[in-house]
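# Report on the structure
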Amino acid sequence: MRAQRVHLTTEQDRLTDDVRELRRELESRTRELERSQARFRDVIERNADAIVVVDEKGVVRLVNDAATKLFGASREQLLGSPFGFPLVADETTELDLVRNGEARVAEMRVVESEWEGETACIASLRDITERKRAEQDARELIREYAARAAAEEAARRLRFLLESSTVLASSLDHRETLSALARLCVSEIADWAVVYSVDEAGVPGRLEVAHREVGKEELLRELQQTPIDPNGPHPVLEVVRARKPILAEAVTDAFLESVTRDARHRKIVSELGVASFMMVPIIARDRVLGAISLVSSRSSRQFDEHDLALAEDIAARAALAIANARLYEEARRANKTKSDFLAVVSHDLRTPLTAIIGYVDLMEMGVPNQLPDATRERLRRIRTSATHLLYLLNELLIFARLDSGREELRRSDVDLRDVARDAAAVGEPLALERGLRFHLDLPEHPVILRTDPNKVRQVLLNLIGNAVKYTRQGEIRVELREPAERLATFRVRDTGVGIAEQHVQQIFEPFWQVDPNQRARDGGTGLGLSVVRRLVQLLGGEVCVESELGRGSTFTVTLPSR
Ligand code: ADP
């Protein structure tokens, strides 16, 4: 019995020891757990991201400092309140928050875990408002860049079109226009360009070529001289026939093969470089005048629909310029024919007329017999009419010669006072005949100028003739001045009908008269002042007029020494 008690006591002690041991163990583990939880809380607390622990019921159980900042609320406000955002484990979502009235965006990542023995979600949130803003700014910047680049490109194209209009309008020679066009395209859109023109039979030929690289001229010339076989393969034939453009954004060997006539042609084109190609027809007034082909020799520069539209725009402008140039050439040819005709007719009529006047003069002088007074009076009328006719023919002749550019200068050193005296000798009797006073106002010293005296005399005769014709009473005054060395001015003043302001410019136009009935009445041609202006221009000078209706006119001619 005793032995058994002893045994029991020992057993009890051992159990007590075990319990003690277990309690120690438990206490140690609890401390460990508390330490670990404290560490965990500490880690959570120090985390830069906002951490929110939400239990199964959706209630916030833990928040860290960053979370209070993110939500703009105190720990007390957050803990125990519903979280309010859907929580999907292992997914990243973006939340739109309002903090102190300001919109913010947070990125949230959720993991499922345990919290104090219960299932919970741990959400980690990061404020990405600034990143989002930066991304948005970057997107806007890119859009802005793209818009600016597009605007700059549009402006460049517009500048190019404006420049092309100026270049195309700068010449009325159609060959020159096309050459300028080729150079312009090469400077702006293509590496090389060919301008084709279609002849009367509708067959196209290469007219102008241009390359960006100077060293390619030899090849270009060879290309220019290679004839286009009207039955062979060549894109220009198709463009001219179909009146439609061609665009080959990326030129392939097969394409090259299909548009070249033989191996040599292919070699030239390849050596000039052909990576991208377009060709547009030049059409004016429904007629195909030619085509332009534009080539890029760099694979980095491929033509697109925008380039094609630009090329079509240029071709339309070129078409107008060429049509204008052709019209001008035709008009010039027609004008020359007219001037030649006028010159021949007036010259040929002048010869017999001079003979008529000569014979009338002799008969008036009584050669071979004295004539009765009545007959002499009739002869005088014949002479007046014949002289007037001669004056008109002379005016026509000189106008025709000036108009066709055949009038030449015969210069010499002259004292312009002599020229003025000669013109006055003709003009003064006419003025006196009409009851007008006539003054010739000359400097005392010689006014020497190197010029064509006959042309200066003609100018003065026309101006004095008009002054007499358009003045009913008063006076005609002819003045010569030398305002500077090697410069002279003539003034022809009258006290006549004057010229209305709106007519002042027109009076220098050929065949233009203030009063259209005047031609029938006075027999004027409307050519006198246009002859004056052209002669003065030929002499390198200027003519201008000041006039007041009803009070008179002053024509001023300024002449340089040449
Ligand atoms: P024309 O005298 O043969 O009609 P012009 O070319 O010499 O032709 O002149 C053109 C027009 O200018 C005249 O018809 C006339 O109306 C006007 N004109 C020219 N000179 C004068 C002038 N001195 N005074 C008023 N009008 C003038």
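Located above this text is the structure these notes cover.
Starting afresh in each chain, residues are numbered from 1 along the sequence in its written order. Reporting in this predicted model follows two pLDDT cut-offs: at least 70 for local features of residues, and 80 or more for side-chain atom pairs to be given and counted; totals over whole chains, interfaces and linings ignore these cut-offs and use all residues. The side-chain figures draw on all heavy atoms in the structure; neither hydrogens nor water molecules are used.

Turning our attention to the overall build of the protein chain. Numbering of helices and strands runs from the N terminus; a helix is a DSSP stretch of H or I covering at least four residues, while a strand is a stretch of E covering at least two. Summing up its helical and strand segments, the protein chain has 15 helices and 17 strands in all. Rg of the C-alpha trace for the protein chain: 52 Å, well past the compact-globule value of 24 Å for 562 residues, more than 25% over. Seen along its three principal axes, the alpha-carbon backbone of the protein chain occupies a region of about 210 × 65 × 45 Å. Contact criterion: two residues are considered in contact whenever any of their non-hydrogen atoms come within 4.5 Å of each other. Across the protein chain, contacts joining residues at least 24 apart in sequence account for 61% of those joining residues at least 6 apart. Surface exposure here means Shrake-Rupley accessible area, sampled with a 1.4 Å probe, where a residue is shielded only by the protein chains that are shown. For the protein chain, the accessible surface area stands at approximately 32,900 Å², while carbon and sulfur atoms represent 52% of it. For the charge count, each Lys or Arg is scored as positive and each Asp or Glu as negative, with His and the chain ends excluded. The atom standing in for a charge is NZ when the residue is Lys, CZ when it is Arg, CG when it is Asp and CD when it is Glu. Of the side chains in the protein chain, 82 bear a positive and 92 a negative charge, and the two mean positions are spaced by 4 Å. Computation of the radius of gyration draws on C-alpha atoms, with the globule rule given as 2.2 Å multiplied by the number of residues to the power 0.38.

Let's shift gears to the sheet that holds strand β3 (residues 92–99). We treat two strands as partners when DSSP finds at least two bridges between them. The antiparallel open sheet is built from 5 strands, whose spatial order is β2-β1-β5-β4-β3. The strands lining the two open edges of the sheet, one partner per strand, are β2 (60–63) and β3. The sheet shows a mean angle of 30° between the axes of neighbouring strands, taken without regard to direction. Helix α4 (residues 129–169) contacts β3, β4 (102–115) and β5 (118–127) of the sheet and is inclined by roughly 130° relative to β4. All axes here are fitted lines through C-alpha atoms, helices being fitted over the stretch that makes contact, and every angle between N-to-C directions spans 0 to 180 degrees.

Read across the sheet, 5 strands follow the order β7-β6-β10-β9-β8 without closing on themselves; strand pairing throughout is antiparallel. What marks the edges here is a single partner per strand, and that holds for β7 (204–211) and β8 (246–248). On average, each strand axis in the sheet is inclined to that of its neighbour by 15°, with strand direction left out of account. Sheet analysis places strand β9 (residues 276–284) next to strand β10 (residues 287–296), joined by 9 bridges and oriented antiparallel. Of the residues in β10, the one forming a bridge with Ala284 is Arg287. The strands touched by helix α6 (residues 217–225) within the sheet are β6 (192–198) and β7, with β7 carrying the most contacts at an inclination of about 170°.

Only protein atoms enter the 1 Å grid used here, on which a cavity is any set of points holding a 1.4 Å probe that cannot leave and a pocket is any open set flanked by protein within 12 Å on both sides along at least five of seven lines; residues with an atom within 4 Å of a point are listed as lining. Grid points are joined across faces, edges and corners, and a volume is the space filled by probe spheres set on the points. Tallied over the full model, the rule gives 3 cavities of 30 Å³ or more. Lining the largest cavity are 18 residues, and of these Trp192, Tyr196, His234, Val269 and Phe277 sit closest to its centre. Mapped by element, the contributors of at least two residues to the lining of the largest cavity are β6, α8 (253–259), α9 (263–272), β9 and β10. In the lining of the largest cavity, the residues fall into 13 nonpolar, 4 polar and 1 charged. Approximately 40 Å³ is the volume found for the second largest cavity. Looking at the second largest cavity, the residues that line it are Arg206, Pro227, Ile228, Asp229, Gly232, Pro233, His234, Arg261 and His265. Classes in brief: Ala, Val, Leu, Ile, Met, Phe, Trp, Tyr, Cys and Pro nonpolar; Asp, Glu, Lys and Arg charged; the others, Gly included, polar. Residue composition of the lining of the second largest cavity, by class: 3 nonpolar, 3 polar and 3 charged.

What follows concerns the packing of helix α13 (residues 453–469) against helix α15 (residues 528–538). Contact geometry of α13 with α15 gives a least axis separation of 9 Å together with a crossing angle of 150°. Of the possible angle classes, the one that applies to α13 and α15 is roughly antiparallel. When the axes of α13 and α15 are compared, the crossing they make is left-handed. In contact with Lys455, Gln458, Val459, Asn462, Leu463 and Asn466 of α13, α15 contributes Gly528, Leu529, Val531, Val532, Leu535, Val536 and Leu538. Angular relationships are summarised with four words: roughly parallel below 35 degrees, roughly antiparallel beyond 145, roughly perpendicular across 65 to 115, and oblique for the angles in between. Handedness of a crossing is defined here by the sense of rotation of the near helix relative to the far one, left-handed for an anticlockwise turn of less than a right angle and right-handed for a clockwise turn.

Now for the pairing of β5. Relative to β5, strand β1 (residues 50–55) is paired through 6 bridges, and the arrangement is antiparallel. From the neighbouring strand, Ala50 faces β5, where its bridge partner is Leu125. As paired elements, β4 and β5 share 10 bridges and run antiparallel to each other. Bridging across to β5, Trp115 finds its partner in Glu118. Hairpin connection between β4 and β5: a loop of 2 residues separates the two successive antiparallel strands, and Glu116 in this loop has a positive phi of roughly 50°.

Right, let's get into the side chain of Arg326. Looking at the secondary structure, you find Arg326 in helix α10 (residues 305–364). When near neighbours in sequence (up to four residues on either side) are disregarded, Arg326 contacts His174, Val198, Arg287 and Leu289.

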